[in-house]
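Residue-level structure breakdown
Listed here are the chains, written in short residue letters.
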Amino acid sequence: MKTLRLLLFDECTRSCTGCCNKDWDLGKLERETDFTPYDEIILTGGEPMLRPDVVVRTMVQIFKVNIRAKIIMYTAKVDDLMQMARVLNLLDGLTVTLHEEKDLADFINLNKFLLDDKNKYLQGRSYRLNIFKGIDLSGIDL
């Protein structure tokens, strides 16, 4: 399986300890323009959901040349359910990272939305959760 980790942009409102993007000079990374050889494309940033329009445009570009690639997005910003629904409609998977306790309220809303029986967003999709140390998930139906 050939995987591409596609950094859409470096914009992010956080300054996390251990951020993997701090290890790179993002301006010097190779720019990929050919999505055809990949089986899986991971959309990341910065924070992709700061600019959901860029996420959707990128996915449409990928689909034009590679309909078979699975597209997974990594995000920590899940506060806008309307935008999340728009993006989820096109994704094969979503990985959400909870950095701080204050991230829980937005995650709980997203989780309820995804678990709603009327939703189609979980069918055939991967849904993963990264949790930073110290966040209490007890009492949340995952």
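Residue numbers run consecutively from 1 along every chain, following the written order of its sequence. Owing to the predicted nature of the model, reporting of local features is limited to residues with pLDDT of at least 70; listing and counting of side-chain atom pairs is limited to 80 or more, with chain, interface and lining totals taken over all residues. Only heavy atoms go into the side-chain values, all of them from the structure, while hydrogens and water stay out.

Moving on to the packing of aromatic side chains. Think of a pair of aromatic rings as described by two things: how far the centres are apart, and how the planes are tilted against each other in angle. Classification of ring pairs rests on two measures: the distance between centres of Phe, Tyr or Trp rings, Trp counted by its six-membered ring, which must be within 6.5 Å, and the angle between planes, read as stacked under 30 degrees, edge-to-face over 60 and tilted in between. Counted under the stated rule, the structure contains 0 aromatic pairs. Geometrically, a lysine NZ or arginine CZ counts as sitting over a ring once it is within 6 Å of the ring centre and also within 35 degrees of the ring normal. K2 extends its terminal NZ or CZ atom over the ring of Y38, reaching a point 5.3 Å from the ring centre. The residue whose ring lies beneath R51 is F9, and the NZ or CZ to ring-centre distance is 4.7 Å.

Following both chains from N to C, one finds helix α2 (residues 81-88) and helix α3 (residues 104-115) inclined at 50°, their axes separated by 11 Å at the closest point. Considering the angle they form, α2 stands oblique to α3. Considering how the two elements wind past one another, α2 and α3 form a crossing that is right-handed. Across the interface between the two elements, L81, M84, A85 and L88 from α2 touch N109, L110, F113 and L114 from α3. When residue character is reported, Ala, Val, Leu, Ile, Met, Phe, Trp, Tyr, Cys and Pro are called nonpolar, Asp, Glu, Lys and Arg charged, and the others, Gly included, polar. Here the residues of the contact of α2 with α3 sort into 7 nonpolar, 1 polar and no charged. The convention used is that axes are lines fitted to C-alpha atoms, helices contributing only their stretch in contact, and that angles between N-to-C directions extend from 0 to 180 degrees. Only runs of H or I of at least four residues qualify as helices and only runs of E of at least two qualify as strands under DSSP, and these elements are numbered from the N terminus. By the definition adopted for this analysis, an angle is roughly parallel if under 35 degrees, roughly antiparallel if over 145, roughly perpendicular if from 65 to 115, and oblique otherwise. A crossing counts as left-handed when the near helix is turned anticlockwise from the far one by less than a right angle, and as right-handed when that turn is clockwise. Contacts were defined at the residue level, with two residues in contact if any of their heavy atoms lie within 4.5 Å.

Next up on the list: the confidence of the model for the protein chain. Each residue carries a pLDDT value, the predictor's own confidence for that position, ranging from 0 to 100. Predicted confidence across the protein chain gives a mean pLDDT of 88, with 92% of residues reaching 70 or more. Between the elements of the protein chain, mean pLDDT differs from a low of 91, seen in α3, to a high of 96, seen in strand β3 (residues 70-75).

Relative accessibility thresholds used throughout: buried, under 20% of the residue-type maximum; exposed, over 50%; partly exposed, between the two (1.4 Å probe, protein chains only). Of the two faces of strand β1 (residues 3-7), only one is covered, namely that formed by L4 and L6; the face formed by T3, R5 and L7 stays uncovered. Whether two strands pair comes down to DSSP finding at least two bridges between them. In the sheet, β1 pairs with strand β2 (residues 40-44) via 5 bridges, with the strands oriented parallel. In the sheet register, T3 faces β2, and the bridge partner there is E40.

Attention now goes to the nonpolar core. Here the nonpolar core consists of buried residues drawn from Ala, Val, Leu, Ile, Met, Phe, Trp, Tyr and Cys, with membership extended through side-chain atoms lying within 4.5 Å. Grouped together as the largest cluster of nonpolar side chains are 34 residues, with contacts concentrated most on I41, L43 and M73. Elements represented by at least two residues in this core include exactly β1, β2, α1 (52-65), β3, α2, β4 (93-98) and α3. Element by element, the count of residues in this core is highest for α1, at 5 residues. M73 has contacts with L43, P48, M49, V55, M84, V87, L91, G93, L94 and T95, leaving out every residue within four places of it along the chain.

What follows concerns the pattern of salt bridges. Here, a salt bridge means any side-chain nitrogen of Lys or Arg that lies within 4 Å of a carboxyl oxygen of Asp or Glu. Following the criterion strictly, the structure yields 4 salt bridges and no others. When the shortest N-O distance is used, the salt bridge between R57 and D53 registers 3.6 Å. Note that R57 and D53 are positioned in helix α1 at a spacing of 4 residues, about one turn of the helix. Among the residues examined, D53 registers a relative accessible area of 33% and is labelled partly exposed. Residue K102 pairs with E100 through a salt bridge whose shortest N-O separation is 3.9 Å. Look at K102 and you get exposed, because its relative accessible area is 63%.

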